[in-house]
Amino acid sequence: GESVGLHLPTLSVQEGDNSIINCAYSNSASDYFIWYKQESGKGPQFIIDIRSNMDKRQGQRVTVLLNKTVKHLSLQIAATQPGDSAVYFCAEFFYGQNFVFGPGTRLSVLP
Amino acid sequence: KAGVTQTPRYLIKTRGQQVTLSCSPISGHRSVSWYQQTPGQGLQFLFEYFSETQRNKGNFPGRFSGRQFSNSRSEMNVSTLELGDSALYLCASSLGGGLVEQYFGPGTRLTVT
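The following paragraphs examine the structure supplied in this document. (Residues numbered from 1 in each chain as written. Chains lettered and ligands numbered in written order. Predicted model: local features only at pLDDT ≥ 70, side-chain atom pairs only at ≥ 80, totals over all residues. Heavy atoms only, no water.)

Moving on: the state of the cysteines. Such a bond, covalent and formed between the sulfur atoms of two cysteines, is termed a disulfide. Residues and elements named next belong to chain A. For the coordinates displayed, the defined rule picks out two disulfides over all chains. In this model, C23 is linked to C90 through a disulfide, with the two sulfur atoms separated by 1.6 Å. Taken together, the residues C23 in strand β2 (residues 19–24) and C90 in strand β8 (residues 86–93) connect sequence positions 67 residues apart. Its relative accessible area of 7% is what places C90 among the buried residues. (Disulfide = S-S within 2.5 Å. Helix = DSSP H or I, 4+ residues; strand = E, 2+ residues; numbered from the N terminus. Buried < 20%, exposed > 50% of the residue type's maximum accessible area, 1.4 Å probe, protein only.)

With respect to the helices and strands, P39 of chain B occurs in the loop between β4 (31–38) and β5 (42–50). Taking the C-alpha atoms as reference points, P39 of chain B and L88 of chain B, 49 residues apart in sequence, are found 9.5 Å from one another.

With that settled, consider unusual backbone geometry. Residues and elements named next belong to chain B. In this structure, the amide linkage connecting T7 to the following residue, P8, adopts the cis form with an omega of -10°. Even without being glycine, E52 reaches a positive phi, approximately 70°. In this fold, E52 is placed in the loop between β5 and β6 (53–57). E52 sits in the partly exposed class, given a relative accessible area of 47%.

Right, let's get into the sheet that holds strand β7 (residues 64–68) of chain B. Residues and elements named next belong to chain B. Across the sheet, four strands lie side by side as β1-β3-β8-β7; this open sheet has antiparallel pairing. Every interior strand has two partners, whereas the edge strands, β1 (5–7) and β7, have only one. The sheet shows a mean angle of 20° between the axes of neighbouring strands, direction not considered. As judged from the five bridges shared by strand β3 (residues 19–24) and strand β8 (residues 74–78), these two strands associate in the antiparallel manner. Note on β8: the bridge partner recorded for S22 is E75. (Pairing = 2+ DSSP bridges. Axes fitted to C-alpha atoms, helices over the stretch in contact; angles between N-to-C directions.)

For the rest of this paragraph, the subject is the layout of surface pockets. Looking at the largest pocket, its volume works out to about 320 Å³. Lining the largest pocket are 23 residues, and of these F101 of chain A together with Q41, L43, Q44 and F45 of chain B sit closest to its centre. Counting only elements with at least two residues in the lining of the largest pocket, the list comes to β9 (99–101) of chain A together with β4 and β5 of chain B. Broken down by element, the residue count for the lining of the largest pocket peaks at four residues, all from β5 of chain B. (1 Å grid on protein atoms, 1.4 Å probe; cavity = no way out; pocket = protein on both sides within 12 Å on 5 of 7 lines; lining within 4 Å. Points joined across faces, edges and corners; volume = space filled by probe spheres on them.)

Residue and element names in this part refer to chain B. By the definition in use, this model includes eight salt bridges over all chains. We note a salt bridge from R73 to E75, for which the minimum N-O separation is 3.4 Å. R73 sits in the partly exposed class, given a relative accessible area of 24%. In this structure, a network of salt bridges that share partners links the residues R63, E82 and D85. (Salt bridge = Lys/Arg side-chain N within 4 Å of Asp/Glu carboxyl O.)

Take the sheet that holds β2 of chain A next. All names here are of chain A. Spatial ordering of the open sheet is given by β2-β7-β6-β5, a layout of four strands whose pairing is antiparallel. If you trace the sheet from one side to the other, it starts and ends with β2 and β5 (56–58), each paired once. Strand after strand, the sheet turns through a mean of 15° between neighbouring axes, direction not considered. Bridge count between strand β6 (residues 62–67) and strand β7 (residues 72–77): six bridges; the pairing is antiparallel. By the bridge assignment for β7, L65 is matched with S74.

Here you go:
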């Protein structure tokens, strides 16, 4: 598979525990934020998004929190499973510009 | 519904050569974006095409170019290849028109020797 990032920060969690992946973004004018999951050998896969006028959004087993005061985004995964092991990227988007991706965090789920 | 497809999946080229990569978006999607992914720089935006027009462009040299056809298929071209162009090139499609949810293809792994 592809080596997405050889020196990414790594988060190791026990199977069944909750995971929290953090991301700092740069542009206070960003309109939209997205979390992607990338498994080895595959392209990024959309997980969940949140608009800048929201501070929380929930999906299936995932929750994204947005703190505009400190320009911080987090992804919470409930009851982490082995299939959640991957690299997770946050991305910010502002209309008229383009996506800017964070460096990524590698999530490792321990049995 | 078929996903985003990219061809070829793997490619080896020599410095100074040029290369063309192809991307077929999801049916009905009019926006196609290209990204370069490397271990050192992460995911970087190259450009976006919508209805055959380049709508956004990242900070890459002019050696990187692209185009989109009337059926929304897109090609990316890199001329005068350098060793540093070795990367995974990802294509993503979306409906466009302000809808930003993107679907990525598996990528083309380009190795420049």
